[in-house]
Amino acid sequence: MSSESAFLDWLRQRAPSSSDAAPLGLEDDAALIRVRGPGDWILTTDMLMDGTDFLLSECDARLAGRKALAVNLSDLAAMAARPHVALVSVALPRRDGHHLGRQLYEGILDLANRFDVTLAGGDTNSWDGPLVISVTLAGTATQPGPLLRTGARPGDSIVVTGQFGGSILGHHLCFVPRVAEALHLNDEYALHAGMDVSDGLTLDLSRLAQASGCGAVLDLDTVPIAPAALQLASLRNDGTSALDHALGDGEDFELLLAVPVEEADRLVAEQPLDVPLTRIGQFVDEPGLWAALPDGRRQTLSPSGYLHQMDG
Ligand SMILES: [Mg+2]
């Protein structure tokens with residue numbers, strides 16, 4: 001028996017073989033997905049690479065696998081979609097590949113179980129390069145419809161879950177994707193638009209505002225700053241404040257929402273989630289991004305965050 005098939009045997013034993021959404025599991029040449037109910041299917045994919053999205057020299061492969069699924073779950077949460085099935089493709093370094101592969105899948109499967117996601121298939125290869133993992137996740141839209149980036153209107157409040165900044169100190173590997181939170185909010189409150197914060201609060205906010213054809217004004221003193229942002233600011237001591245880290249670090253994987261102002265009043269007063277909801281500003285007519293000054297004027301804010309570099 002080749003080590004490849006031994007690995008697949010191990011995986012079949014470890015992974016639940018079928019579910020309502022994927023009744024044929026990992027036994028066949030391709031996955032069969034059963035489409036049921038009224039919701040549209042929503043698909044997302046994300047590829048993570050050792051050296052860019054995690055450092056295997058510094059973290060357990062379980063955490064790398066966990067993150068690969070978690071970032072996809074966060075993207076479905078961003079659209080208030082319910083996750084169902086995942087396809088996982090992995091390029092394993094030849095050296096120690098099968099041990100690494102098992103650890104990787106342990107991390108994926110733990111999180112998959114927690115979020116009721118079936119591993120419906122994928123591909124596992126070995127090569128002389130670093131670990132690369134790509135997860136494709138399919139889910140269904142929930143009522144009253146998917147949360148989009150295009151629905152924010154001038155006057156809407158900017159509301160966020162959780163806290164921001166300093167994710168590099170550990171949060172990016174162990175965050176809980178806001179799936180349950182997004183489903184609850186979409187069900188109980190009238191939301192106009194939403195996304196998840198992956199590249200940086202101000203950068204992602206400017207993208208949401210731009211997609212909606214409006215601008216945004218942030219009340220900087222209301223931005224929830226994570227303890228890790230304070231820690232990072234003092235560790236680095238390079239003039240970047242904890243607030244700067246909160247505004248631009250990225251990989252917070254919190255929800256960023258546009259909520260009609262009365263609904264935002266209710267949301268913030270009721271605090272219906274385990275994680276805090278905070279109003280940090282409002283959307284405005286004029287395209288752009290600003291910080292609100294105490295005297296009522298606005299100051300232009302340049303969006304900061306992680307811009308994916310591309311040559312050519
Ligand atoms: Mg996203």
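Whatever comes next refers back to the structure up there.
Residues numbered from 1 in each chain as written. Predicted model: local features only at pLDDT ≥ 70, side-chain atom pairs only at ≥ 80, totals over all residues. Heavy atoms only, no water.

A.B. asks: Would you take a moment to explain the sheet that holds strand 1 (residues 41-49) for this structure?
C.D. replies: As a general point, the strands of a sheet are linked pairwise by backbone hydrogen bonds and lie either parallel or antiparallel. Ordered in space as 1-4-2-3, the four strands form an open sheet in which the pairing is mixed. Both edges of this open sheet fall to strand 1 and strand 3 (118-127), since each of them pairs with a single strand only. Pairwise comparison of adjacent strand axes, ignoring direction, gives a mean angle of 15° for this sheet. For strand 1 and strand 4 (residues 132-141), the ladder comprises nine bridges, and the chain directions are antiparallel. Bridge pairing in strand 4 links Leu43 to Ala138. (Pairing = 2+ DSSP bridges. Helix = DSSP H or I, 4+ residues; strand = E, 2+ residues; numbered from the N terminus. Axes fitted to C-alpha atoms, helices over the stretch in contact; angles between N-to-C directions.)

A.B. asks: Looking at this structure, how should I read the packing of aromatic side chains?
C.D. replies: Aromatic ring pairs are reported here in terms of the distance separating the ring centres and the angle at which the planes meet. Overall, the coordinates contain one aromatic pair when judged by the stated rule. When the ring of Phe175 is compared with that of Phe253, the centres are 4.1 Å apart and the planes differ by 15°; the resulting orientation is stacked. Taken together, the positions of Phe175 in the loop between helix 4 (171-174) and helix 5 (179-188) and Phe253 in the loop between helix 8 (242-248) and strand 8 (255-259) put the pair 78 residues apart, joining distant regions of the chain. Owing to a relative accessible area of 1%, Phe175 belongs among the buried residues under this scheme. Residue class for Phe253 comes out buried when judged on its relative accessible area of 4%. Positioned over the ring face of Trp290 is Arg298, at 5.0 Å from the centre of the ring. (Phe/Tyr/Trp six-rings, centres within 6.5 Å; stacked < 30°, edge-to-face > 60°. Buried < 20%, exposed > 50% of the residue type's maximum accessible area, 1.4 Å probe, protein only. Lys NZ or Arg CZ within 6 Å of the ring centre and 35° of its normal.)

A.B. asks: Sorry, what's going on with the environment of Asp9 here?
C.D. replies: Tracing the chain through its elements places Asp9 in helix 1 (residues 3-14). Sequence spacing of Asp9 and Glu27 is 18 residues, and the spatial spacing of their C-alpha atoms is 10.0 Å.

A.B. asks: When you look at the nonpolar core in this model, what are you seeing that I'm missing?
C.D. replies: For soluble globular proteins, nonpolar side chains are generally found buried alongside one another. With 57 residues, the main nonpolar core has Leu69, Tyr105, Ile133 and Leu185 as its most contacted residues. Residue contributions to this core peak at nine residues, all from helix 2 (residues 61-78). Setting aside anything within four residues of it in sequence, one finds Tyr105 in contact with Phe7, Trp10, Leu11, Val88, Val90, Leu119 and Thr124. If you look at the next biggest cluster of nonpolar residues, it comprises 24 residues, including Val160, Val197, Leu205 and Leu256. (Core = buried A, V, L, I, M, F, W, Y, C linked by side-chain atoms within 4.5 Å. Contact = heavy atoms within 4.5 Å.)

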